[in-house]
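Listed below are the residues making up each chain.
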Amino acid sequence: MLVGCSGRLEPGLSWTSSQLEYRISSGPDEETMALRGWRLNLKLDLKRGPADVPVYLQIVHGLLGEIRRGRLIPGEVLPGSREMAQRLGVNRKTVMIAYDELIAQGWLTSRGTKGTFVSAKLPEPKARPSESSNDGVRSRNEARNIGRLAPAVQLPVIFPQPGMLLLDDGTPDTRLFPAMSFSRAYRSIMTVGGKVGKLGYGDPRGNLSLRSAISRMLNVDRGLATTPEHICLTRGSQMAIYLVSRLMIRPGDHVVVDDLTYPPACEAFRMAGANILRVRVDDDGTDMASLEKVCRRHRVRLVYLTPHHHFPTTVLLSPTRRLRLLELASRFGFVVVEDDYDHEFHFQHQPLLPLASFDPSVLYIGSMSKLLSPSLRLGYMFAPAKFIERAAQEICLIDRQGDPVTEQAVAELVETGEVRRHASRARKIYATRRKKLAALLRAELHGTVDFRLPDGGLAFWLTFVRTSDLDRLKQTAPKHGLQFLPSRSFSGRPDGRRGIRIGFAALDDAGLREAVRRMKAAIAS
């Protein structure tokens, strides 16, 4: 463990303290590598030990100290006695005596030819400050500096747990990802790029081939008028939202969002110092009368919307309200941020054209995460060239650039038509799963939940006839192996509308049945 060690890091991930020298490197012992992942070599500084203390006891005390500090954790494998003796410059028998003593006391265990290990039965050590006075001063200074951290980010996050069924908020089925096509493209780029020296730093706006491919897609499929200079690639749509908050918002600015909205976007605006104002959403999307009232009371800097498949309710912003929104933006001078996070998946009719296709001043955010795979971390922004240039400067401060190899590989999939074919295949599968979930909900939870069959997107928005059923589901879901985002996470008000958003795309037929079965059992329990 790195916590609390003194000295500076040296090349090759090695460092030195007054008691131990750690050198972490890969080793040939496959068993050791399988147990630890890294080979750990210890070198005790015996020259500092008292002259009247036997060497084997100095080794015992040194190892005990590292176990108590948590540098040697339960289950950690120690160097073999021969290797340890060579590094300490002592007789192997001395090391064996020290190991035997610690084994007898229960600190270590021997597994025969596999080696000597720190006992797995020991409790996990609590972090404690270093015993030396200098380290104690440093620990107090570190604590004082840590106290100056910015306010904590307030995000509702769920992570998959073993044995639990995760009802996500609308992620794709990664089993459908064209992995073979992607791997061939990736391998080819790595091979060729390595030979011609094209694996170095690149444009922080992203790979030109992919920006060009996205530009053509937006122009042909979504009615925008773009060039690659208007496109900036990001690590998912969330990074694009973060960049917008960094560039557009100053402390005290007013930002308008829907009364139910995407929580990470709200949090990005809040962390930039924005005052968050909320407006109503109904079956036709954002209520423009509510927005106009807010604009008359406050000088609004930015309005963030998910008009195509509203998050979380999935409703479409009607054409009439789209035109009204752009008129209000012109009259009151606010900037519209359009988050079109899963444009490709629409089932009832052709997708409506984005707001950005009518007004090039709209900041448009899209994502490849829902289309291909979240693990690719690919999003993009369409904005005026001046904004894109400033976004590129911000990216240089965050991570310098994205992943040019991945970007080039995805560009090849777009240019060869593989992405279009994948989208067509996935859309048919998701349409079937959408109908399946609707049928299951009607059959198993009729009279308990209400929902509107979504025209598009990868999730349902469920409301409950009785609030008590929703409360019971939230309370008992873990006992029935269910995970989902809390109903209040989408609203910024304690008295806001409540419901849950459950994705259907990542679950096959059996998974959908099991999800509804567990929901029904949790509500009835």
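A quick note: this is a predicted structure, and the numbers were derived from the prediction, not measured.

Peer 1: Talk me through helix 16 (residues 509–524); I want residue IDs and the actual numbers.
Peer 2: The end-to-end C-alpha distance of helix 16, which contains 16 residues, comes to 23 Å, matching closely the 22 Å that a straight helix rising 1.5 Å per residue would cover. For helix 16, the set of buried residues is G511, L512, A515, V516, R518, M519, A522 and I523. Buried residues of helix 16 fall within an arc of 160° about the axis and therefore sit on the same side. Pointing more than 90 degrees away from the buried face of helix 16 are the exposed residues A510 and A524. Of the surrounding elements, those touching the buried residues of helix 16 are strand 6 (165–166), helix 14 (418–444), strand 17 (459–464), helix 15 (467–476), strand 18 (482–483) and strand 19 (500–503).

Peer 1: Explain the pairing of strand 13 (residues 335–340) to me, and be specific about the residues and the numbers.
Peer 2: Where burial is concerned, most of strand 13 is hidden: six out of the six residues are buried. Covered by surrounding structure in strand 13 are V335, V337 and D339 together with V336, E338 and D340, the residues of both alternating faces. Inspection of the sheet shows strand 12 (residues 300–305) paired to strand 13 by four bridges, in the parallel sense. Across the sheet, L302 pairs through a bridge with V335, a residue of strand 13.

Peer 1: With reference to specific residues and values, describe helix 11 (residues 319–332).
Peer 2: Look at helix 11: 20 Å from first C-alpha to last across 14 residues, which is about the 20 Å you get at 1.5 Å a residue. Buried residues of helix 11: R321, R322, L325, L326, L328 and A329, and no others. Buried residues of helix 11, seen end-on, are gathered within an arc of 160° and therefore sit on one face of the element. Those residues of helix 11 that are exposed and angled more than 90 degrees off the buried face are P319, T320, L323 and S330. At its buried positions, helix 11 is contacted by strand 10 (281–282), strand 11 (285–286), helix 10 (288–297), strand 12 and strand 13.

Peer 1: Tell me about empty space enclosed by the protein, and please be specific about residues and values.
Peer 2: Any empty space left between the atoms is revealed when a probe the size of a water molecule rolls over them. In total, this model carries four cavities of 30 Å³ or more according to the counting rule given. If you add up the space inside the largest cavity, you get close to 50 Å³. What lines the largest cavity is T314, V315, L316, R452, L453, P454 and D455. Residues that form the lining of the largest cavity fall into these classes: four nonpolar, one polar and two charged. Of the volumes computed, that of the second largest cavity is approximately 40 Å³. Together, D258, G285, T286, L305, T306, P307, H310, V315, L316 and L317 line the second largest cavity. In terms of residue class, the lining of the second largest cavity is made up of five nonpolar, four polar and one charged.

Peer 1: Hey, could you go over the sheet that holds strand 12 for me, with residue numbers and the actual values?
Peer 2: As summarised here, the arrangement of the seven strands in space is 7-15-14-13-12-8-9, forming an open sheet in which the pairing is mixed. A strand with exactly one partner marks an edge of an open sheet, and here the two such strands are strand 7 (231–234) and strand 9 (275–279). This sheet shows a mean twist of 20° between the axes of neighbouring strands, independent of strand direction. In this structure, strand 13 lies alongside strand 14 (residues 363–367), joined through four bridges in parallel fashion.

Peer 1: Can you explain the pattern of salt bridges? Please cite residues and give values.
Peer 2: Under the criterion given, the structure shown has 32 salt bridges. Measuring nitrogen to oxygen at the nearest pair gives 3.6 Å for the salt bridge that ties D509 to K436. Placement of D509 in helix 16 and of K436 in helix 14 is noted, with a sequence separation of 73 residues between them. Taking relative accessible area as the criterion, K436 reaches 22% and is therefore assigned partly exposed. Linking R498 and D471 is a salt bridge whose minimum nitrogen-to-oxygen distance equals 2.9 Å. Placement of R498 in the loop between strand 18 and strand 19 and of D471 in helix 15 is noted, with a sequence separation of 27 residues between them. For R498, a relative accessible area of 19% gives the class buried. You can call D471 partly exposed: its relative accessible area is 35%. Beyond isolated ion pairs, a larger network of salt bridges with shared partners links E292, R296, R324, E327 and R331.

The rules behind the values
Residues numbered from 1 in each chain as written. Predicted model: local features only at pLDDT ≥ 70, side-chain atom pairs only at ≥ 80, totals over all residues. Heavy atoms only, no water. Helix = DSSP H or I, 4+ residues; strand = E, 2+ residues; numbered from the N terminus. Expected span 1.5 Å × (residues − 1). Buried < 20%, exposed > 50% of the residue type's maximum accessible area, 1.4 Å probe, protein only. Arc of directions from axis to C-beta. Contact = heavy atoms within 4.5 Å. Pairing = 2+ DSSP bridges. 1 Å grid on protein atoms, 1.4 Å probe; cavity = no way out; pocket = protein on both sides within 12 Å on 5 of 7 lines; lining within 4 Å. Points joined across faces, edges and corners; volume = space filled by probe spheres on them. Nonpolar A, V, L, I, M, F, W, Y, C, P; charged D, E, K, R; others polar. Axes fitted to C-alpha atoms, helices over the stretch in contact; angles between N-to-C directions. Salt bridge = Lys/Arg side-chain N within 4 Å of Asp/Glu carboxyl O.

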